[in-house]
Amino acid sequence: MRSLRTQIAVATCIVVFATIVAACILSNYLTSGMFAACMAAHYPAVAAFSVIFSVAMSFILARQISHPIVKAAAVTEQIAAGDYDVRFESPTKTTELHDLVEAVNHLAGALSKQETLRRQLTADVAHELRTPLTTLGTHLEAMTEGVWEPTPDRLNSCHEEILRLGKMVSDIERLERAEADDLQLDKTETDLFALAQSVTDNFAGELSKKNLRLDLCGEASIVSVDKDRIAGVIGNLISNAVKYTPDGGGIRITVEDKDKAGILTIEDTGIGISETDLPYIFERFYRADKSRTRGTGGAGIGLAIAKSVVTAHGGEVTAQSEPGQGSRFTISLPK
Ligand SMILES: Nc1ncnc2c1ncn2[C@@H]1O[C@H](COP(=O)(O)OP(=O)(O)OP(=O)(O)O)[C@@H](O)[C@H]1O
Ligand SMILES: [Mg+2]
């Protein structure tokens, strides 16, 4: 790989060198009288050779530089037209042009991924809405037509679907607020360990229902955060750990106090997340369980909100997982 600057410098040196050689030959002819006649004969040939050589070098260099740029322009035009599968395949040995090729290909890849997620999002929202609406529609139709008695159970089931729709709308509103550019954070000095402890206490009922063991260990770590929002994030991660860990499993929460950040880790011995799903779990409405069964509930919004809130604090949330073994979510919050 050579840099553009080096190539231009080398080409310029060659052209200058060729001109000097030509000039030397010429001056030799000029100074030696015995070649005077010869010079008269060769002068035009040497000059012509110099000119042809310089023009050829410039042409080759210009072609080498312009070809990938012209191709890049054509490829970006195709991307702008919505063809995200197009890739730049012209190999170039020039560092800057190679970087340009890589950047264009990366742009196409990123846009293609966004497009897939956008389609998935539309399909998921439609699915989330369709299921309760279909249930409500068929139940109410059967009751109004007298096919079904409006028993408390049936009315309850309708009410549950309405509640599910309501929860989904409020989740979307929460997500929209968390993703707003001007998310207002009411920051106070907060001990991450004490906060995790108080959030954990709220899960006592769910934990005992599933016979899950929860350990909280580590140390106090004072960070400047919006207490309510971070409590919401921790709550969401614990709720996921509870939801995706089979009965009798374990959850461990650890708080570490680092120089510049407080680190909170939530590990579970649950079902884990496959390698193919892991990169997408922080996307809106993404659920590893494609069947979107009601058993595990959830619309796939919790982690998207968690990521927005943590990012707004200048922190980071990451996930690691081993399918069948468990998952580990780590939140890092700057002090
Ligand atoms: N601890 C975990 N173990 C296994 N899978 C998990 C875990 N946490 C999250 N996931 C996977 O990531 C997906 C996205 O999680 P997220 O919290 O955003 O949504 P959800 O829990 O399905 O629904 P919501 O949080 O909106 O009620 C989940 O559907 C699940 O497939
Ligand atoms: Mg969740």
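Within the protein chain one finds eight helices and seven strands. Burial status across the protein chain gives 36% buried among its 335 residues. Partitioning the intrachain contacts of the protein chain with sequence separation of at least 6 by distance along the chain shows that 71% fall at a separation of at least 24. Roughly 19,600 Å² of accessible area belongs to the protein chain as shown, and the carbon and sulfur atoms make up 59% of that amount.

The local shell around ligand 1 holds 21 residues, among which Asn240, Lys243, Asp268, Ile301 and Leu303 are the closest. Contact between ligand 1 and lysine 243: an oxygen atom at 2.9 Å from a side-chain N or O atom of the residue. Within the backbone of glycine 300, one N or O atom sits 3.0 Å away from an oxygen atom of ligand 1. Elements supplying a minimum of two residues to the shell around ligand 1: helix H7 (227-243), helix H8 (302-312) and strand E7 (326-334). At four residues, the largest contribution of residues to the shell around ligand 1 is made by H7. For the shell around ligand 1, the class distribution of residues is 10 nonpolar, seven polar and four charged.

This part covers unusual backbone geometry. Phi angles above zero are rare outside glycine, and asparagine 211 is one such case at about 55 degrees. Here asparagine 211 is to be found in the loop between helix H6 (204-209) and strand E2 (213-218). By relative accessible area, which is 57% here, asparagine 211 ends up exposed. Phi is positive for phenylalanine 285, close to 65 degrees, though the residue is something other than glycine. Assignment of secondary structure puts phenylalanine 285 in the loop between strand E5 (261-268) and H8.

So, how was this worked out
Residues numbered from 1 in each chain as written. Chains lettered and ligands numbered in written order. Predicted model: local features only at pLDDT ≥ 70, side-chain atom pairs only at ≥ 80, totals over all residues. Heavy atoms only, no water. Helix = DSSP H or I, 4+ residues; strand = E, 2+ residues; numbered from the N terminus. Buried < 20%, exposed > 50% of the residue type's maximum accessible area, 1.4 Å probe, protein only. Contact = heavy atoms within 4.5 Å. Areas by Shrake-Rupley, 256 points an atom, 1.4 Å probe, with all protein chains shown as cover. Near = heavy atom within 4 Å. Polar contact = N/O pair within 3.5 Å; in protein donor to acceptor, adjacent residues only side chain to side chain. Nonpolar A, V, L, I, M, F, W, Y, C, P; charged D, E, K, R; others polar.

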